[in-house]
Amino acid sequence: MGILAFFGEAALRASLLGTMGGIAAWALRRRGPEVQHAIWRIVLAGMLALPLLMTVLPPLAILPSSNVMTRAANAVSTIRFSPSIGISSGFISGLRNVTLESSVSLQRRNPFQWPMFALIVYAAVAALLLIRIASAWRRAKKATSAAARVSIGLLNELEYPRPEMRESAEVAVPFTLGCRNPIIVLPNTWRQWDDFKLRSVLVHELAHVHRGDWATALAAGTNRAVFWFHPLAWWLENRLASLAEEACDARALRLAGDPSSYARVVLEFAQAVAGTQVAVPTSMARTSKVGRRINSILEGRVSLSRAMHGFSWALILAVAVPAVYGAGAFQLISVLTTPPSPYASMSHIDGVRAILADGWTLTPDEAAKLESEVGRDPENVAARIRLLSHYTQYMVLSELRSKHLLWLIEHHPDSDVFQLSTPVTAMAPDYSGVNSPDIERARILWLEQAERYATNTKVLANAATVFGASDGRIAFELLKRLRALEPQNPEWLDWLAEVYATAVRSSFANGTPRVRTVSSARKQTVHFPVNLPLIESRLLKSELESSSDAALVGSTADALLSEIAVLKTRFAADPEIQASEAFAKELHLRAQQLRSR
């Protein structure tokens with residue numbers, strides 16, 4: 001998944017998380033700012049964790065994924081001497097009898113790279129916001145370092161932890177700085193305050209320390225920098241700061257009493273800081289919505305609030321943890337609705353012949369008409385496939401081939417046409433060079449689609465088929481994911497077993513086996529070879545020797561014995577075939593032993 005698509009999906013999930021938080025906050029709106037702050041703090045934590053959760057959590061499928069359509073393999077097993085998949089010899093010989101008119105190749109344009117530009121803009125804005133946070137912290141740290149330490153006897157009468165107290169002539173209002181070793185900084189005029197004012201200020205600031213509001217404010221600022229494009233991040237920072245002040249007001253009123261006197265203290269500090277810049281968010285003098293805050297104090301709504309206790313936190317977390325998990329793991333898009341192609345009802349060999357014939361018989365004028373039809377109806381998949389076949393076989397207009405192939409991968413990665421594994425949809429390099437412009441872009445797009453539709457087995461199987469001819473490592477990983485998604489589906493087990501069987505033969509051949517079969521009469525589905533580097537093939541062979549997976553060991557033995565039974569009719573004396581057969585018999589015996597345990 002591209003970085004922009006990744007953050008776009010994270011934004012959607014954050015919106016869902018914010019919606020759930022809003023519902024919970026509305027349902028518990030009468031429980032006071034402590035509960036409201038706890039709810040939105042959980043939303044903040046979940047939002048910050050979303051990029052990580054989306055990466056590490058297994059997808060949580062909301063809808064079932066579909067299986068790949070199986071095809072009958074009517075063709076008799078054939079022998080081939082090269083593992084590469086290319087254009088058939090019949091097609092190549094046909095090309096020799098056809099004189100192609102020279103065509104002017106389209107010059108590849110270099111369009112403006114909007115994704116890269118957007119990524120640069122995102123990074124620049126995020127960095128700017130993070131720099132502002134760091135700058136504010138440095139200013140507050142500098143003011144705190146210059147402040148003088150003081151001792152206030154009134155602290156001994158309060159129940160909260162006793163952080164370090166300092167005073168400064170540079171500050172107009174009290175504020176709190178730090179998490180592990182918090183410091184409360186007071187204006188140097190604090191000695192002139194009456195007992196009520198000093199007590200109110202100390203209780204308010206100590207409440208910030210006890211609640212960990214400095215860490216919350218720092219996390220909210222970081223979240224705003226990461227999700228600066230999301231309105232929820234900006235709103236959440238302000239909402240948490242306002243609720244923190246209300247919660248600290250509630251604690252101060254419970255100890256100090258006298259709402260009208262306390263409201264005057266809040267108003268006095270708000271007037272003192274008006275027009276100046278408050279260094280930190282945990283300040284008693286926040287002027288944002290101070291009028292509503294004072295009204296709440298005078299009307300007694302704040303004093304009715306209660307502090308959060310262990311049971312309340314446990315109850316909220318019991319609901320919040322599954323919600324955050326779901327927001328990070330659920331699959332936003334799980335099912336595609338691509339209609340069957342015209343070749344879906346055909347056998348594999350007939351489907352291959354039909355798709356090649358449909359493109360080969362297409363004239364340039366007919367191709368131009370189909371292009372017009374696709375322009376009017378972009379979802380005309382059948383027309384796109386015919387055009388793809390035409391451009392591939394006549395080796396002309398590679399840019400148009402790229403356009404249609406990439407569109408098909410992007411919009412219909414579950415299309416059954418990819419299971420045919422013809423040169424029409426191939427992205428492996430070949431002698432013609434016609435698909436060269438597609439290779440890297442198609443590869444990246446397939447990887448993105450495999451992540452986007454992580455539980456759609458059609459998409460994963462198509463990707464495995466495409467990568468099987470160009471990158472065996474990726475194809476093998478996709479096959480393992482398919483079996484993990486549907487462990488009871490025999491198709492994925494058989495396909496994996498064929499990969500392991502090829503690895504066994506490669507190990508004994510010290511490279512690519514000299515002779516191979518394309519398909520077996522016992523198979524109901526055609527799977528094209530997935531070739532791995534020799535060192536990885538040897539690792540898979542060693543894995544089979546110690547594996548406790550009876551199904552995989554047995555299926556690999558069956559795949560080997562079935563292939564070798566065909567090859568022995570002509571290559572019985574080949575040392576690699578003899579060694580592979582002996583190993584297959586050992587695997588078969590091992591599988592029986594594993595099943596009997």
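Peer 1: What's the story with the sheet that holds strand β2 (residues 148-149) in this structure? I'm lost.
Peer 2: Through backbone hydrogen bonds, the strands of a sheet pair up, either in parallel or in antiparallel fashion. Taken in spatial order, the four strands of this open sheet run β2-β3-β5-β4, and their pairing is mixed. The open sheet has two edge strands, β2 and β4 (175-177), and neither has a second partner. For β4 and strand β5 (residues 183-187), the ladder comprises three bridges, and the chain directions are antiparallel. Of the residues in β5, the one forming a bridge with Phe-175 is Val-185. Contacting β3 (164-168), β4 and β5, helix α5 (residues 195-211) crosses the sheet at an angle of about 150° to β5.

Peer 1: Looking at this structure, I do not really get the pattern of salt bridges. What am I missing?
Peer 2: When their charged atoms lie close together, side chains carrying opposite charge are able to pair. Inspection of the entire model under this criterion finds 21 salt bridges. One salt bridge connects Arg-353 with Asp-350, and the closest N-O pair in it is separated by 4.0 Å. With a gap of three residues between them, Arg-353 and Asp-350 both fall in helix α11 (residues 348-360), about one helical turn apart. Looking at Arg-353, the relative accessible area reads 54%, which means it is exposed. Judged by its relative accessible area of 37%, Asp-350 falls in the partly exposed class. Note that Glu-477 and Lys-480 form a salt bridge whose closest N and O atoms lie 3.1 Å from each other. Residue Glu-477 and its partner Lys-480 are both found in helix α17 (residues 472-485); the two are separated by three residues, about one turn of the helix. For Glu-477, a relative accessible area of 41% corresponds to the partly exposed category. For Lys-480, a relative accessible area of 35% translates into the label partly exposed.

Peer 1: Quick question: what am I supposed to make of the pairing of β5 here?
Peer 2: The two faces of a sheet get side chains in turn, since along a regular strand they alternate between them. Judged by how many residues are buried, β5 sits mostly within the fold: five of five residues are covered. Where burial is concerned, the two faces of β5 agree: the one with Ile-183, Val-185 and Pro-187 and the one with Ile-184 and Leu-186 are both buried. Taken together, the five bridges between β3 and β5 define a ladder with parallel strand orientation. Looking at the pairing, Glu-167 lines up with Leu-186 of β5. Counting the residues between successive antiparallel strands, the hairpin from β4 to β5 contains five residues, one of them, Gly-178, with a positive phi of roughly 100°.

Peer 1: Looking at this model, I keep getting lost on the packing of aromatic side chains. Mind explaining?
Peer 2: Each aromatic ring pair is described using two quantities: the centre-to-centre distance and the angle formed by the ring planes. A full pass over the atoms with the stated rule returns 10 aromatic pairs. On the basis of an interplanar angle of 85° and a centroid distance of 4.9 Å, the ring pair of Phe-418 and Trp-446 is categorised as edge-to-face. Separated by 28 residues along the polypeptide, Phe-418 in the loop between α14 (398-411) and α15 (439-452) and Trp-446 in helix α15 bring together distant segments of the chain. Like Phe-418, the residue Trp-446 is buried in the burial classification. Measuring from centroid to centroid gives 5.9 Å for Phe-508 and Phe-583, while their planes differ by 65°, and the two rings are edge-to-face. Highlighted residues: Phe-508 in helix α18 (residues 490-509) and Phe-583 in helix α21 (residues 575-596), separated in sequence by 75 residues. For Phe-583, a relative accessible area of 6% gives the class buried. An aromatic cluster of at least three residues, connected via ring pairs, comprises Tyr-122, Phe-227, Trp-228 and Phe-229. Lying over the aromatic face of Trp-26, Arg-29 brings its terminal NZ or CZ to 4.3 Å of the ring centre. When the ring centre of Trp-407 is taken as origin, the NZ or CZ atom of Arg-384, which lies over that ring, is 3.7 Å away.

Peer 1: Honestly, unusual backbone geometry in this entry has me stumped. Any pointers?
Peer 2: Note on backbone geometry: most residues besides glycine have negative phi, and most peptide bonds are trans. A positive phi angle, near 55°, is found at Met-395, a position not held by glycine. Structurally, Met-395 is set in the loop between α13 (381-394) and α14. Relative accessible area serves as the criterion here: at 33%, Met-395 is assigned to the partly exposed category. If you check the backbone angles, Ser-421 has positive phi at about 50° while not being a glycine. The class of Ser-421 is buried, set by a relative accessible area of 15%.

Peer 1: Explain the nonpolar core to me, please; I cannot follow it from the model alone.
Peer 2: One recurring pattern in soluble globular proteins: nonpolar side chains tend to sit buried together. Counting residues in each nonpolar core, the largest one holds 58 residues, and the members touching the most others are Ile-355, Leu-408, Phe-418, Trp-446, Phe-467, Leu-478 and Leu-479. When residues in this core are grouped by element, the largest group, nine residues, is from α18. Look past the residues within four positions of Phe-467 in its chain and what remains in contact with it is Met-427, Arg-443, Trp-446, Leu-447, Gly-472, Ile-474, Ala-475 and Leu-478. Listed in part, the 32 residues of the second largest apolar core include Met-47, Leu-53, Ile-316 and Ala-329.

Peer 1: Hey, could you run me through α15 in this one?
Peer 2: What sets the pattern is the α-helix's 3.6 residues per turn: residues three or four places apart point alike. With 14 residues, α15 should reach 20 Å at 1.5 Å per residue; the first-to-last C-alpha distance of 20 Å fits that figure. Of all the positions in α15, only Ala-442, Leu-445, Trp-446, Gln-449 and Ala-450 are classed as buried. Taken down its axis, α15 places every buried residue within 140° of arc, on the same side.

Peer 1: Help me understand the packing of α15 against α17, please; the structure alone is not making it clear to me.
Peer 2: The packing of two helices is summarised by the inter-axis angle and the distance between the axes. α17 packs onto α15 with a crossing angle of 15° between their chain directions and a minimal axis gap of 13 Å. Considering their axes alone, α15 and α17 lie roughly parallel with respect to each other. Crossing of α15 over α17 shows left-handed handedness. Across the interface between the two elements, Arg-443, Leu-447, Ala-450 and Glu-451 from α15 touch Ile-474, Leu-478 and Arg-481 from α17. When grouped by side-chain class, the residues that make up the contact of α15 with α17 number four nonpolar, no polar and three charged.

Peer 1: I keep staring at the confidence of the model for the protein chain and nothing clicks. Help me out?
Peer 2: Where the model shows low pLDDT, its predicted coordinates should not be examined in detail. Overall, the predicted model of the protein chain reaches an average pLDDT of 78, with 77% of residues at or above 70. Within the protein chain, strand β1 (residues 79-80) has the poorest average pLDDT of any element, 32, and helix α6 (residues 213-226) the best, 92. Low pLDDT, under 50, characterises residues 63-112; the stretch is placed with 90 contacts to residues that sit more than four places away or in other chains. Counted against residues more than four places away or in other chains, residues 519-524, with its pLDDT under 50, gives 14 contacts.

Peer 1: Please explain the pairing of β3 as it appears in this structure.
Peer 2: Burial analysis of β3 places four of its five residues in the buried class, the great majority of the element. Where β2 and β3 come together, two bridges link them in antiparallel fashion. From the neighbouring strand, Arg-149 faces β3, where its bridge partner is Arg-166.

So, how was this worked out
- Residues numbered from 1 in each chain as written.
- Predicted model: local features only at pLDDT ≥ 70, side-chain atom pairs only at ≥ 80, totals over all residues.
- Heavy atoms only, no water.
- Pairing = 2+ DSSP bridges.
- Helix = DSSP H or I, 4+ residues; strand = E, 2+ residues; numbered from the N terminus.
- Contact = heavy atoms within 4.5 Å.
- Axes fitted to C-alpha atoms, helices over the stretch in contact; angles between N-to-C directions.
- Salt bridge = Lys/Arg side-chain N within 4 Å of Asp/Glu carboxyl O.
- Buried < 20%, exposed > 50% of the residue type's maximum accessible area, 1.4 Å probe, protein only.
- Phe/Tyr/Trp six-rings, centres within 6.5 Å; stacked < 30°, edge-to-face > 60°.
- Lys NZ or Arg CZ within 6 Å of the ring centre and 35° of its normal.
- Core = buried A, V, L, I, M, F, W, Y, C linked by side-chain atoms within 4.5 Å.
- Expected span 1.5 Å × (residues − 1).
- Arc of directions from axis to C-beta.
- Parallel < 35°, antiparallel > 145°, perpendicular 65-115°, else oblique.
- Left-handed = near helix turned anticlockwise from the far one by under 90°.
- Nonpolar A, V, L, I, M, F, W, Y, C, P; charged D, E, K, R; others polar.
- pLDDT = per-residue confidence, 0-100.

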